[in-house]
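Given next are the chains, with one letter for each unit.
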Amino acid sequence: MRRAPGRPEARQPRQASQFGLHCRALIVAIAVAAMFSGIALQLVRLSLVNRGDIRMATAEPIGRMFSRPEIVDRNGNLVATDVGVSSLYADPALIIDLDEVIEKLVRTLPDLDAADLRKALGDRGRRFAWIKRGLSPLQAQRVHDLGLPGLAFRREPKRVYPAGPLIGHLIGHVNVDNKGVSGIERFVDERFGTEAVQAAQQSRAAPVKLSMDMGVQQALTTELKDAVARYGASGAAGLVMDVRTGELLGAASLPEIDPNKPFEALTEERLDRLSTGVYELGSMFKVFTVAMALEEGTATLDKIYDVREPLKFGSYTINDLHPLGRPLSVRDIFIHSSNVGAGLMALEAGNARQIGFLSRLGLLSQIRLESGAVAAPLLPKRWGEVEMVTISYGHGMAVTPIQFAAAVAPLVNGGFQVKPTLLASNTGPAPAERLVRAETSARIRELLRLNVTSLHGTGRRAEAAGYRVGGKTGTAEIPGRGGYQAKSVISSFVAAFPMDAPQYLTLVSIYEPRASEETKGQITAGLNAAPATGRLIERIAPLLSVLPERLADKTEYKEAAVDGARAAR
Amino acid sequence: MLRLLTIVAVALTFASAFMLYRVKYDTRLLEAQFHARERAYEKKQDDAAVLKAEKAYLSRPERIEALARKLGLEPIREQQYVRLDELGEPGDGDARPGPRR
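Residues numbered from 1 in each chain as written. Chains lettered and ligands numbered in written order. Predicted model: local features only at pLDDT ≥ 70, side-chain atom pairs only at ≥ 80, totals over all residues. Heavy atoms only, no water.

Q: Can you help me understand the overall build of chain A in this one?
A: Helices and strands together make up the secondary structure of chain A, namely 16 helices and 18 strands. Considering only residue pairs separated by 6 or more positions, chain A has 72% of its internal contacts joining residues 24 or more positions apart. When the accessible area of chain A is evaluated, it comes to approximately 26,700 Å², of which 55% is carbon and sulfur surface. (Helix = DSSP H or I, 4+ residues; strand = E, 2+ residues; numbered from the N terminus. Contact = heavy atoms within 4.5 Å. Areas by Shrake-Rupley, 256 points an atom, 1.4 Å probe, with all protein chains shown as cover.)

Q: So what exactly am I meant to see when it comes to the pattern of salt bridges here?
A: Any two side chains of opposite charge can pair if their charged atoms end up close together. Residues and elements named next belong to chain A. In this structure the tally under the stated criterion is 41 salt bridges over all chains. We note a salt bridge from Arg353 to Glu296, for which the minimum N-O separation is 3.8 Å. Here Arg353, found in helix α11 (residues 351-360), pairs with Glu296, found in helix α8 (residues 286-296); they are 57 residues apart in sequence, far enough to count as distant. The class of Arg353 is partly exposed, set by a relative accessible area of 34%. (Salt bridge = Lys/Arg side-chain N within 4 Å of Asp/Glu carboxyl O. Buried < 20%, exposed > 50% of the residue type's maximum accessible area, 1.4 Å probe, protein only.)

Q: Can you help me understand the interface of chain A and chain B in this one?
A: With 28 residues of chain A at the contact, the number on the chain B side is 23 residues. Interface area for chain A against chain B, summed over the two sides, is near 2,100 Å², with a carbon-plus-sulfur share of 53%. Of all residues in chain A, Pro162, Arg550 and Leu551 of chain A bury the most surface against chain B, accounting for 25% of the area lost on that side. The tally of links from chain A across to chain B stands at three salt bridges. A salt bridge links Glu70 of chain A to Lys52 of chain B, with the shortest nitrogen-to-oxygen separation between them at 2.8 Å. Linking chain A to chain B there are five residue pairs in polar contact (both at pLDDT 80 or more). Elements represented by at least two residues in the side of chain A that touches chain B include exactly β3 (78-90), β5 (151-160), α7 (214-230) and α15 (529-543) of chain A. Grouping the amino acids of the side of chain A that touches chain B by side-chain chemistry returns 15 nonpolar, seven polar and six charged. (Buried area = accessible area lost by both parts, 1.4 Å probe. Polar contact = N/O pair within 3.5 Å; in protein donor to acceptor, adjacent residues only side chain to side chain. Nonpolar A, V, L, I, M, F, W, Y, C, P; charged D, E, K, R; others polar.)

Q: What's the story with the side chain of Thr506 of chain A in this structure? I'm lost.
A: Residues and elements named next belong to chain A. Relative to the helices and strands, Thr506 resides in strand β18 (residues 504-511). By relative accessible area, Thr506 is classed as buried at 0%. Every residue in contact with Thr506, bar those within four places of it in the chain, is listed here: Leu239, Val240, Phe493, Val494, Ala495, Phe497, Thr533, Leu536, Ile537 and Ile540.

Q: What is the right way to read the packing of helix α10 (residues 339-349) of chain A against helix α12 (residues 385-392) of chain A from this model?
A: How two helices pack is summed up by the angle between their axes together with the distance between the axes. Residues and elements named next belong to chain A. Packing of α10 against α12 leaves a shortest axis separation of 8 Å and a crossing angle of 130 degrees. The angle between α10 and α12 falls in the class oblique. In this structure, the crossing between α10 and α12 has a hand that is right-handed. Note on element contacts: α12 touches α10 through Glu385, Met388, Val389 and Ser392, opposite Ala342, Gly343, Ala346 and Leu347. Of the residues that constitute the contact of α10 with α12, the class distribution is five nonpolar, two polar and one charged. (Axes fitted to C-alpha atoms, helices over the stretch in contact; angles between N-to-C directions. Parallel < 35°, antiparallel > 145°, perpendicular 65-115°, else oblique. Left-handed = near helix turned anticlockwise from the far one by under 90°.)

Q: When you look at the nonpolar core in this model, what are you seeing that I'm missing?
A: Within soluble globular proteins, side chains that are nonpolar generally end up buried alongside one another. Residue and element names in this part refer to chain A. Membership of the largest hydrophobic core comes to 89 residues, with the highest contact counts inside it found for Ile71, Leu239, Phe288, Phe404, Leu411 and Leu505. Of the residues forming this core, the biggest block, nine residues, is contributed by helix α13 (residues 401-412). Beyond its immediate chain neighbours, meaning those up to four positions away, Ile71 contacts Asn77, Leu78, Val79, Ala80, Arg159, Ile171, Ile184, Glu185, Val188, Val208 and Leu210. (Core = buried A, V, L, I, M, F, W, Y, C linked by side-chain atoms within 4.5 Å.)

Shape is all these values report; function is a separate question.
Here is the structure:
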């Protein structure tokens, strides 16, 4: 600062004014700094302290949705997939005229309930309320054309089943959020998981591959429907199983359900007979009785039993349907399906052996499928002589058809345990536990084939030319109120083919068939379930690449080769 | 000197404000484009899923069987299988399919 030497008197006031200037500048600076730090503090407070509140406010109205992997059959045909659909929701705070909105919505979407709508939309505190989910494109357009404020759409994934009723009961259902709640769909959630999504997005997960073959499933369903119509039955069920891997290639239960209409599945007559219904399966159980006797060494195929006298237990009498009036060998007992003969074989073996053998085949405990728990078998409270005899020919204990099929498979596949599955196996048959000797399995195959080729066999109508079918009939009376009803039966036929080296097992059950001219006035399985099985095998054998006998390599079923193949894997 | 510095600083402030504005504007534009593309992609994926489901619905075995039977086709029968060596040479006269008697 420059000082004027000649004017010292002017110094004092100048200094005072300079001090005032500095002072004012300082005050302004402090005020500005205070304001800015106030803003800064507020920013910090907003960004750190109140962050949680803000996030909650944005997340609250958004519903949860899940995108599911596709489900395909063993050949890659689409069975279940997600498609995007429009779902209608409202922001009640933005609705201007509630009465108008409700009236117009109910007129456009008649299945909406006005009272429910009023409850959902009347609360102005809410910012989000579903009105209807999964609208068709046409319905969505109509609602859009109403031009009502406060309504909006979201794209959501919705599960559809293009194959419809054909995929049947086992696929199960998903709920409105696209979460699996039953059947295979539930298993998909548990095993493969679903992705939570904010819009209708396709799942990026690999498709889930089922063991089912839609071609086989179609043939099975058609033949079962044909059987229901032909024999005037109330229902039917059937399955096709790979005897080595336990894969179910087809599984159908009539009356069928459409998985696209979930409410249908709730009625009792539409329940899945294969996995939720337990039934006495009748003479098909003689396969187990004979196999037990052979395995335990209490009988050979040529052993003779005197079956001329009925078996008497107090007030019970056990008779044969068509007594032959002569002693029968085990072979004859099997192909003529003699109850007395099977009973004698069971009595001879004793109940420890019978229980042990049935338990080894897994018939006495509950099994599981990917679609959920299979109904537990119904067993007698005490296992005395009467029970031994009735169970030897398939009465007195009830199992699901799936569990029964899984127990027959080891008796034809060389003796190995089979776990039924609905998923395609990529690795082929896994090494399995041996349940019965290869020799026993070979003898059972011989008997099953004989039952179809023999002129007197109960299964002779099951023959499908060239495909070497073997099988056993079973006609079981349905217990009704006050005991068994004579004219109400379940007729079943279990079969395997080609019998020289079985690859597939079939089971056909016809519920309450009626006698007709075609069945010669009979309702026994040999006249309905057996021919239905024959027609089924004739159709599915080409689909499963089973060659007719004259073209197949003329090789005997070599146990060693099968065992070798298993060991190699 | 001080004045020059002030002018430069003000100019820089304006320049940076302008640039910031432009970058922000461009970003928003890109974001909008990105979201539009993403929506278009999702829409296409959605359409593809619907078409796939539609195709599976149209090719369901139930429908195919009815159509095939209308055309006079039937499930393959055992007699329709022929070994390759059972067929005659082309132009043999006996080249009809079926096992030779």
